[in-house]
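Here is how the chains run, residue by residue.
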Amino acid sequence: MEILLVGVILLYILQKNKKINSERFIKDNGNYFRKLKEEDYEFLLRSKYGDDVDPDLLFDKRLRNAFIIIVVLIFLFITQLKFLNIVAAFVAGYAVFKSPYRSLKAFYKKNLHQINLQLPYFLKTLEVLAQHYTIPVALSKSIDNAPTIFKAGLTELVEKINQGDSSVEPYMDFAKKYPVNDSMRMMRLLYRLGIGSQDNKHEQLIMFSKSVSALQNKARDTRYKERLQTMENKTMAMLGVVGGGAMLLLLLSMIQSF
Amino acid sequence: MEFILILIIAIFVVLYRQNTGAVTYKFIVDKVGEAYEKFAPYSFKKIREKVKALGMEYTPQQYTAQILLFAGASFVVSYLYFYNIITSIVYVIIAIAVIPYLAYLRCKRVYSEFIFEQIQVYTTNTIMEFATTDSFVKALEGVYSSGVLEDPIASDVKEMINMAYANGSIKESIDYMNKKYDYHIVHNMHQLFLQITQEGALDTKDTLDAMLVDIDMLVEGVYRDRIDRSSFHKSFVQYGVLLYLMVMLIQYLLGIDSYLKLIDQVVVQVILHLIILANSYFLLNGEKYYNENVGAE
């Protein structure tokens, strides 16, 4: 243990004084390690941190942390180095390597769910604005009060429309950016509402309103079900913990009686 | 140990015999009231006042019954776990200390439900008034004078009307109300009326009708959800309380003598405390979740 501590301190000093560079090994062999990178890693990173993020830098950090864990564990087991211990060190390293990816995936899933729940409410606001304004104007007016999650997509959409793109593409790009239930259908509906003549705009708006209301109801039902599910989970957790404690007591009493 | 218990009962009996029953309760209520005035946050005091005015707050007798129930139940449960009066008294104190928190959660829920109720009355009536007056401020005046709203919404609507006349525009009034009541239906309705006032009235009858249908659907959803959650909450609490009695099952399985031997060990005592605390934590956490999330939007 003392040797390990001295080693860690020594490595830290050498690293700080730039005598050695622990990341050089990863950088030199970057091409090989990149093969470990998950296909959707960059997409997930950008959806969480935006376009300014450097995926390579963050991937190198993941590799470095995994290596550190493997090396530290091997050093810990050095006096009783067995095949099983080496495998355990690599498994721990792999878990550390994968954990940022898993948290990114969890974030994206949660994010998508948020989008799914918030989209109908945002569309309702848009529908109200569309009563008096054209769709491009309504879209740009909605940006300020839109849920934060949609602001980037909306700004992009409005910019594309203002640059003269009158096709359905900007609307589809928005739907792709927020790929939740019905987003494609609703954006197509919104596009058609934008290009339709003012004569039948009123009828189209009523139709749009009915679709949005149905979506809102669906989102509401989902939210209510989730809340009941949360309460159910709390009940199960309570049973698990208290039941587990009782089992432990029984186990202790059995040990005592032997 | 038994001596301490008898002493506590004796003190209560002497106090009770020296005063009349009502005076003893008054003394307790006054002391609790003083502590409440000292520590309760201002916003909660306002909420509790309203809940009292609505007749939804417990009476001193109900609170006394709750205290006795909590004290009795916690004493019985903890004694079943530890067979130790001192420990049971500590748990009784902890259980009683939780009551103000439960009252806080309950008042917040009642208040949130009341506000949502008022908001749906406000939006529905304003839209209906607008259909006859064709003016947002006139519609607000109609709703205010009809007396269907209660404070704090009624006084806020009055404030909106005053602001509209003072500013010559409804923008500030709408911003004021939107900020105070952050509900989708309020924002959407205000946005529509702002547009109608600023951009001129189009054929808005169908739109306003659709908005009324939306409000009806929301109200139906919230009420249905309230019933579902309430029945689930009831089962949750019953279940949680029954789990406290799991220790009885262990005693049946082991026999009382073996159980008493078992609880002599420090590890077992720690596990038993952890079981009680974990069970109580989950119950409180569930209670908080139930009361804090009333589903209005």
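Asks: Got a minute to help me understand the overall build of chain B in this structure?
Replies: Assigned secondary structure in chain B consists of 13 helices and 0 strands. Counting every position in chain B, which comprises 297 residues, the buried fraction comes to 24%. Within chain B, contacts between residues separated by at least 24 positions form 62% of all contacts whose residues are at least 6 apart in sequence.

Asks: What should I look at first to understand the overall build of chain A in this one?
Replies: Within chain A one finds 11 helices and 0 strands. Scored against the burial criterion, the 258 residues of chain A give a buried share of 20%. A sequence separation of at least 24 residues applies to 55% of the contacts in chain A between residues at least 6 apart.

Asks: So what exactly am I meant to see when it comes to unusual backbone geometry here?
Replies: The general pattern is negative phi for most residues beyond glycine and trans for most peptide bonds. All names here are of chain B. Cis rather than trans, the peptide bond between D151 and P152 has omega equal to 10°. Within the secondary structure, P152 sits in the loop between α6 (136-146) and α7 (153-167). Located in the positive-phi region is Y83, a residue other than glycine, with phi close to 50°.

Asks: How should I be thinking about the nonpolar core in this particular structure?
Replies: Nonpolar side chains tend toward joint burial in soluble globular proteins. Core analysis: the largest hydrophobic core is formed by 51 residues, its most contacted members being L123(A), Y171(A), M187(A), L140(B) and V157(B). When residues in this core are grouped by element, the largest group, 9 residues, is from helix α6 (residues 83-130) of chain A. Setting aside residues no more than four positions away along its own chain, Y171(A) makes contact with L157(A), M187(A), R188(A), L190(A) and Y191(A). Core analysis: the next-biggest nonpolar cluster, separate from the first, contains 13 residues, V242(A), Y81(B), V247(B) and I276(B) among them.

Asks: In this structure, what is going on with the environment of V137(A)? I would like to understand it.
Replies: Along the polypeptide, V137(A) turns up in helix α7 (residues 135-142). Taking the C-beta count within 10 Å as the criterion, V137(A) has 14 such neighbours and is therefore assigned partly exposed.

Asks: How should the environment of L54(B) be read in this particular structure?
Replies: Counting through the fold element by element, L54(B) comes out in the loop between α3 (42-53) and α4 (60-82). Sequence-wise, L54(B) and Y111(B) are 57 residues apart; in three dimensions their C-alpha atoms are separated by 9.3 Å.

Asks: How should the interface of chain B and chain A be read in this particular structure?
Replies: One frequent convention defines the size of an interface as the accessible area lost when the parts assemble. Every contact between the two is made by 41 residues of chain B and, on the other side, 33 residues of chain A. Mapped by element, the contributors of at least two residues to the side of chain B that touches chain A are α9 (184-199), α10 (205-244), α11 (246-254), α12 (256-262) and α13 (266-292) of chain B. Element by element, the count of residues in the side of chain B that touches chain A is highest for α10(B), at 14 residues. Along the lines of polarity and charge, the residues of the side of chain B that touches chain A split into 21 nonpolar, 13 polar and 7 charged.

Asks: Before we go on, may I ask you to explain the confidence of the model for chain B in this structure?
Replies: Low pLDDT means the predicted coordinates in that region are not meant to be read closely. The pLDDT averaged across chain B works out to 80; a share of 84% of its residues lies at or above 70. Scoring of the predicted complex yields 0.70 for pTM and 0.71 for ipTM.

Asks: What is the right way to look at the packing of helix α5 (residues 55-76) of chain A against α6(A) in this model?
Replies: When two helices pack together, you describe them by how their axes are tilted relative to each other and by the distance separating the axes. Residue and element names in this part refer to chain A. Orientation of α5 relative to α6, taken along the N-to-C sense of each, is 155°, at an axis distance of 8 Å. Accordingly, the angle class assigned to the pair α5 and α6 is roughly antiparallel. Like other packed secondary-structure pairs, α5 and α6 cross with a definite hand, here right-handed. Only I86, A89, F90, A92, G93, Y94, V96, F97 and P100 of α6 make contact with α5, whose side of the interface consists of R62, L63, N65, A66, F67, I69, I70, L73 and I74. Of the residues that constitute the contact of α5 with α6, the class distribution is 15 nonpolar, 2 polar and 1 charged.

Asks: Looking at this structure, how should I read α5(A)?
Replies: A turn of α-helix holds 3.6 residues, and therefore any two residues three or four places apart point the same way. Residue and element names in this part refer to chain A. Look at α5: 32 Å from first C-alpha to last across 22 residues, which is about the 32 Å you get at 1.5 Å a residue. Every buried residue of α5 is accounted for by F59, R62, L63 and A66. Take α5 and look down its axis: the buried residues cluster within an arc of 95°, on one side only.

Asks: Looking at this model, I keep getting lost on the environment of Y111(B). Mind explaining?
Replies: All names here are of chain B. As for its placement among the helices and strands, Y111 is situated in helix α5 (residues 85-133). When the 21 C-beta atoms within 10 Å are taken as the criterion, Y111 is described as buried. Separated by 65 residues in the primary sequence, Y111 and K46 place their C-alpha atoms 9.9 Å from one another. Every residue in contact with Y111, bar those within four places of it in the chain, is listed here: I47, K50 and V51.

Asks: It is not clear to me how the packing of helix α11 (residues 201-257) of chain A against α11(B) should be interpreted in this structure. Could you clarify?
Replies: Where α11(A) meets α11(B), the closest approach of the two axes is 10 Å, and the angle between their N-to-C directions is 20°. Judged on the interaxial angle alone, α11(B) and α11(A) are roughly parallel. The hand of the α11(A)/α11(B) crossing is right-handed. Where α11(A) abuts α11(B), its residues V242(A), A246(A), L249(A), L250(A) and S253(A) lie against M246(B), I250(B), L253(B) and L254(B). Within the contact of α11(A) with α11(B), the residues separate by chemical class into 8 nonpolar, 1 polar and no charged.

Asks: Even after reading the chapter, I still don't get α6(A), so can you show me in this structure?
Replies: If you check α6(A), its first and last C-alpha atoms are 68 Å apart, about what 48 residues at 1.5 Å a residue would give, namely 70 Å. At Q118(A), α6(A) shows its largest bend, some 35°, and a proline, P120(A), comes one to four positions later.

Asks: Sorry if this is basic, but what is going on with the confidence of the model for chain A here?
Replies: Looking at chain A, the pLDDT average stands at 80 and 91% of residues meet or exceed 70. Within chain A, α7(A) carries the highest mean pLDDT (84), whereas helix α2 (residues 24-28) of chain A carries the lowest (66).

Cut-offs used in this document
- Residues numbered from 1 in each chain as written.
- Chains lettered and ligands numbered in written order.
- Predicted model: local features only at pLDDT ≥ 70, side-chain atom pairs only at ≥ 80, totals over all residues.
- Helix = DSSP H or I, 4+ residues; strand = E, 2+ residues; numbered from the N terminus.
- Buried ≥ 20, exposed ≤ 12 C-beta atoms within 10 Å, placed from the backbone.
- Contact = placed C-beta atoms within 7 Å.
- Core = buried A, V, L, I, M, F, W, Y, C linked by C-beta atoms within 7 Å.
- Nonpolar A, V, L, I, M, F, W, Y, C, P; charged D, E, K, R; others polar.
- pLDDT = per-residue confidence, 0-100.
- Axes fitted to C-alpha atoms, helices over the stretch in contact; angles between N-to-C directions.
- Parallel < 35°, antiparallel > 145°, perpendicular 65-115°, else oblique.
- Left-handed = near helix turned anticlockwise from the far one by under 90°.
- Expected span 1.5 Å × (residues − 1).
- Arc of directions from axis to C-beta.
- Bend = angle between axes of the 7 residues up to and from the residue.

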